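# Overview (structure and organization)
These are the residues of each chain, in order.
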Amino acid sequence: MTGSKTYYFDSNATTSVAPEVLEAMLPYLTGKWGNPSSPYRFGKQLVEPIEQARESVAALIGANSGEIVFTSCGTESINTALTSCLHTQPGKRHIVTTAVEHSATKNCCAALAERGYEVTYLPVNRDGSLDLKLFTQALRPDTAVVSIMWANNETGVLFPIPELAAICRARGILIHTDAVQVPGKLKLDVNALGVDLLSLSAHKLHGPKGVGLLYVRQGTPYQALVIGGQQEGGHRGGTENVPYLVGFGRAAALANAVPVAAQRKLAALRDSLEDEILARVPHTARNGAKEPRLPNTTSIAFAGVEAEALLMLLDQLNICASSGSACTTGSVAPSHVLTAMGLGPVAARSTIRFSLDYETTAEDVAYLLGHLPRLVAELRAAASPRAAARSVPAGLAAPAV
Ligand code: PLP
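Residues numbered from 1 in each chain as written. Predicted model: local features only at pLDDT ≥ 70, side-chain atom pairs only at ≥ 80, totals over all residues. Heavy atoms only, no water.

### Remarks on the packing of helix 1 (residues 19–29) against helix 9 (residues 242–256)
To keep it simple, the criterion reads: Each axis is a line fitted through C-alpha atoms, taken for helices only over the stretch in contact, and angles between the N-to-C directions span 0 to 180 degrees. Elements are defined by DSSP. Helices are runs of H or I of four residues or more, strands are runs of E of two residues or more, and each kind is numbered from the N terminus. Here the angle decides the label: under 35 degrees means roughly parallel, over 145 means roughly antiparallel, 65 to 115 means roughly perpendicular, and every other value means oblique. By definition, turning the near helix anticlockwise from the far helix through less than a right angle yields a left-handed crossing, and turning it clockwise yields a right-handed one. Contacts are assigned to residue pairs that have any heavy atoms within 4.5 Å of one another.
One way to put it is that helix 1 packs onto helix 9 with a least axis distance of 8 Å and a crossing angle of 160 degrees. If you check the angle between helix 1 and helix 9, you find them roughly antiparallel. In this structure, helix 1 crosses over helix 9, and the sense of that crossing is right-handed. Every residue of helix 9 that contacts helix 1 at E20, V21, A24, M25, Y28 and L29 is listed here: V242, P243, Y244, V246, G247, R250, A251 and L254.

### A closer look at the nonpolar core
Just so we agree on the cut-off: Remark: nonpolar core denotes a set of buried residues (Ala, Val, Leu, Ile, Met, Phe, Trp, Tyr, Cys) joined through side-chain atoms within 4.5 Å. Exposure classes here rest on a 1.4 Å probe applied to the protein chains alone. A residue is buried below 20% of its type maximum, exposed above 50%, and partly exposed in between.
Formed by 62 residues in total, the largest nonpolar core has its most connected members in I61, F70, V146, I148, L198, L200 and F248. In terms of residues, this core owes the most to one element, helix 9, which gives seven residues. The residues touching V146, leaving out its near neighbours within four places in the chain, are V96, F135, L139, C168, I173, L174, I175 and H176. Judged by nonpolar contacts, the second largest core, of 28 residues, contains I277, F302, L314 and I352.

### Some thoughts on the site of the ligand
Operational definition: Nearness of a residue to a molecule or strand requires only that one of the residue's heavy atoms be within 4 Å of it. In protein, a polar contact means a hydrogen-donor-capable atom and an acceptor-capable atom, both N or O and within 3.5 Å, with residues adjacent in sequence counting only if both atoms are side-chain atoms; elsewhere, any N or O pair within 3.5 Å suffices. In these tables, accessible area is a Shrake-Rupley quantity obtained with a 1.4 Å probe, and a residue counts as shielded only by the protein chains included in the view. Under the convention adopted here, Pro, Cys and the residues Ala, Val, Leu, Ile, Met, Phe, Trp and Tyr are nonpolar, Asp, Glu, Lys and Arg are charged, and Gly plus all remaining residues are polar.
In the vicinity of the ligand, 13 residues are found, and the nearest of them are T75, D178, Q181, S201 and K204. Residue S201 places a side-chain N or O atom 2.6 Å away from an oxygen atom belonging to the ligand. One nitrogen or oxygen atom from the side chain of H203 is found 3.0 Å from an oxygen atom belonging to the ligand. A total of 390 Å² of accessible area belongs to the ligand in isolation, and the protein chains cover 87% of it. By residue number, the principal contributor to the shell around the ligand is helix 4 (residues 74–87), which donates three residues. When grouped by side-chain class, the residues that make up the shell around the ligand number four nonpolar, seven polar and two charged.

Everything listed here is a matter of geometry and, on its own, says nothing about what the molecule does.
Take a look at the structure:
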């Protein structure tokens, strides 16, 4: 390890808890630890902070507070959205989604398919974009829900949710979007988006892990997934996690206050990192369209390099980044997002995602750039010429080994 500072380029994985968020949460972890459902004031005093948090997260997305159901995470929110749409429309057994969703959606759909529901996974183009014609063709009279993410967590590529929602609305099909990666990075307005349901998670916007929400547009049929007491107006059982809800509310207020100028600055820093990597490290390529894209994310394939090996070397320098690969039973499975975009498994395994944050500085970027070209060169030199040749993504020349 070289010093104690962490150079964090993995904000799409999670973010730090903002000091203001921690400060807001602390009273509810210490003195105010009652149960909001209790009949006495020590418990009942907690109802108001929960409702204030609900107002705050609703304001972040342009919703009414009555349209917010708090959940334990983004994953629960997505599971609730999908199952609710199916259970409230028993005659409709078809789901439309994409091949590049987060595993929360992907694996929930796979589990639903095992229970007899039909799922259409829309393919994406090489740049990660959707074909609107294919989307429209996939819709059927028995489609219960369209569930399509707004921003991809691996590439940052945005899908045209307002257009998709308008098409769904014209056909009376419910549409849900996983907007987990969006808050603070883009303006979020459920009415401009036109969706019926939307999922968020607090830990992507400097809130605590283990709390999320499901937005359910007023009038949308709804059935709870977590069944128990009458918390959340009967929409989600379970004693409220008061400190986390309060923290989410504070984090939402902070995300809502991020000025457009700061978002532009973030995009400029990301662009400078991306441009410099592509210029200074030979045989690299960006995965996914340059625009429309989240302002903080870049996904880069380093031909001839095993991403996991590069991540380990970066880790030695206190640099955190990620690959889209999932380590399952000892073997590294290539990212389903990148393979759906047409990358071969070897090219997909050579990809690193760098995701920045408002806390990322030009010095952090300079530190990363100060080491990355050398590390990539070392790994390429260590690889056998045969392995290096096999690792070249389509369209890239063979790296010098
Ligand atoms: N959707 C996207 C796009 C994500 O990036 C994540 C988290 O990585 C989730 C859903 C799941 O959120 P949570 O970790 O709160 O379950």
